Amino acid sequence: MAKTLPIALCGFLLVQVSTAFGAATPNKQTDLVQTSKGPLRITPLFHGSVMLEYDGKIIHIDPWSQADYTGIPQADFILITHTHADHMDAAMINKLKKPGTLILSSPAVEDTLNGACGIVESMANGERKTLLGIDIEAVPMYNLVRGSEPGNPFHHKGIGNGYVLTFGDTRVYISGDTEFIPEMRSLQNIAVAFICMNPPRTMPTAEAADAVKAFRPRIVYPYHYRGQNPQDFADALKATPGVEVRIRKLEGEP
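Not measured: the values here are computed from a predicted model.

Colleague: Hey, could you run me through the overall build of the protein chain in this one?
Modeller: Along its length, the protein chain carries five helices and 18 strands. Pairs at least 24 apart in sequence give 52% of the contacts found in the protein chain among residues at least 6 apart. A total of about 10,800 Å² of accessible surface is found on the protein chain, and carbon and sulfur atoms cover 52% of it.

Colleague: How should the confidence of the model for the protein chain be read in this particular structure?
Modeller: Atomic detail in the predicted coordinates should be set aside for any region of low pLDDT. When pLDDT is averaged along the protein chain, the result is 89; 89% of the residues meet or exceed 70. Taken together, the stretch residues 1-23 has pLDDT below 50 and engages in 45 contacts with residues farther than four places along the chain or on a different chain.

Colleague: I tried to follow the sheet that holds strand β18 (residues 244-245) on my own but got confused; where do I start?
Modeller: Each strand in a sheet pairs with another by means of backbone hydrogen bonds, the pair being arranged parallel or else antiparallel. One open sheet holds the seven strands; their spatial order is β10-β11-β14-β15-β16-β17-β18, and the pairing between them is mixed. In the strand order of this sheet, the two ends are held by β10 (128-131) and β18, each with one partner. Bridging between strand β16 (residues 192-196) and strand β17 (residues 219-223) involves five bridges; their strand directions are parallel. Looking at the pairing, Cys196 lines up with Tyr223 of β17. Lying on the sheet, helix α4 (residues 205-215) is in contact with β15 (170-174), β16 and β17; it crosses β16 at an angle near 155 degrees.

Colleague: What is the right way to look at α4 in this model?
Modeller: For an α-helix, 3.6 residues make a turn, and residues three or four places apart therefore share a direction. Along α4, the positions that sit buried rather than exposed are Thr205, Glu207, Ala208, Ala209, Ala211, Val212 and Phe215. After α4 finishes, the residue Arg216 shows a positive phi value of roughly 55 degrees.

Colleague: Would you explain the pairing of β15 in this entry?
Modeller: Regular strands place side chains that alternate from one sheet face to the opposite one. For β15, the tally of buried residues reaches five of five residues, placing the bulk of the element in the interior. Residue alternation in β15 divides its side chains into two sets, Thr170, Val172 and Ile174 and Arg171 and Tyr173, and both sets are buried. Where strand β14 (residues 161-167) lies against β15, five bridges are found, and the strand directions are antiparallel. Residue pairing across strands places Leu165 opposite Val172, the latter belonging to β15. Taking the residues between adjacent antiparallel strands as the criterion, β14 and β15 are bridged by two residues, where Gly168 takes a positive phi near 65 degrees. With three bridges joining them, β15 and β16 adopt parallel strand pairing. In the strand pairing of β16, Val172 is matched with Val192.

Calculation rules
Along each chain, residue indices are assigned from 1 in the same order as the chain's sequence is written. The predicted nature of this model means local features are confined to residues of pLDDT at least 70 and side-chain atom pairs, given and counted, to a pLDDT of 80 or more, with totals for whole chains, interfaces and linings taken over all residues. Hydrogens are left out, water is left out, and the side-chain values use all remaining heavy atoms of the structure. Strands here are runs of E lasting at least two residues and helices are runs of H or I lasting at least four, both read from the DSSP assignment and numbered beginning at the N terminus. Note on contacts: a residue pair is in contact if any heavy atoms of the two residues lie within 4.5 Å. Only the protein chains shown count as cover for residues, with accessible areas throughout obtained via the Shrake-Rupley method and a probe of 1.4 Å. Per-residue confidence from the prediction method is given by pLDDT, with values spanning 0 to 100. Paired strands, in this sense, are two strands between which DSSP finds at least two bridges. Only C-alpha atoms enter the line fits that serve as axes; for helices the fit covers just the stretch in contact. Angles between N-to-C directions range over 0 to 180 degrees. Working definition: with a 1.4 Å probe on protein chains only, accessible area under 20% of the residue-type maximum means buried, over 50% means exposed, and in between means partly exposed.

Pasting the structure below:
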């Protein structure tokens, strides 16, 4: 049986899980955040894939087949940020879903899947919904300057969603693939943030750190960082009070 070691840290409980999820999912840690309505368990899995557990429900965000999901529980709720293959993976969505699983995406994802994963509900940027007792806000994710050519960004505004998920009094931000956009600067009261950094399609580490300095989440996970060193991101935030950086092995590092 795997042993867990609880460590009190900044008002949160970190649970180190010693059992690996699989060869392609090297992260082994699940963090427990106490919300006003019960525990929220956060497991960054691989690249942009994250699993949350709340009120007995399993939530998968951008599950991707390059990760080994053996032994990972199926989803009650799946959120997809946008249409790129490392985020919208119909094969993995179908493996993780079960009867009654809710799938939520941007309209472009809904249109692209076109029934391949059954019924998909969509939200446009700025919309809000409450599903499974979770308040959900779809926030923009897009490129400001980076693209295949001028005027042709890798992610144009409206193609995908970042998400702010509210669990009781605890707000969790999932950036999706984005640069440091004005909408990120205006985020408020974020307890936990997942911030991408994978240029040229998203942000370099320095820009990602500047974004975090602007909206000051209490805990931030660098994710989707292939080709970047997340420690550089953490170092850039060392002098930023009230922000804790949690680095996980999410790109197959030894």
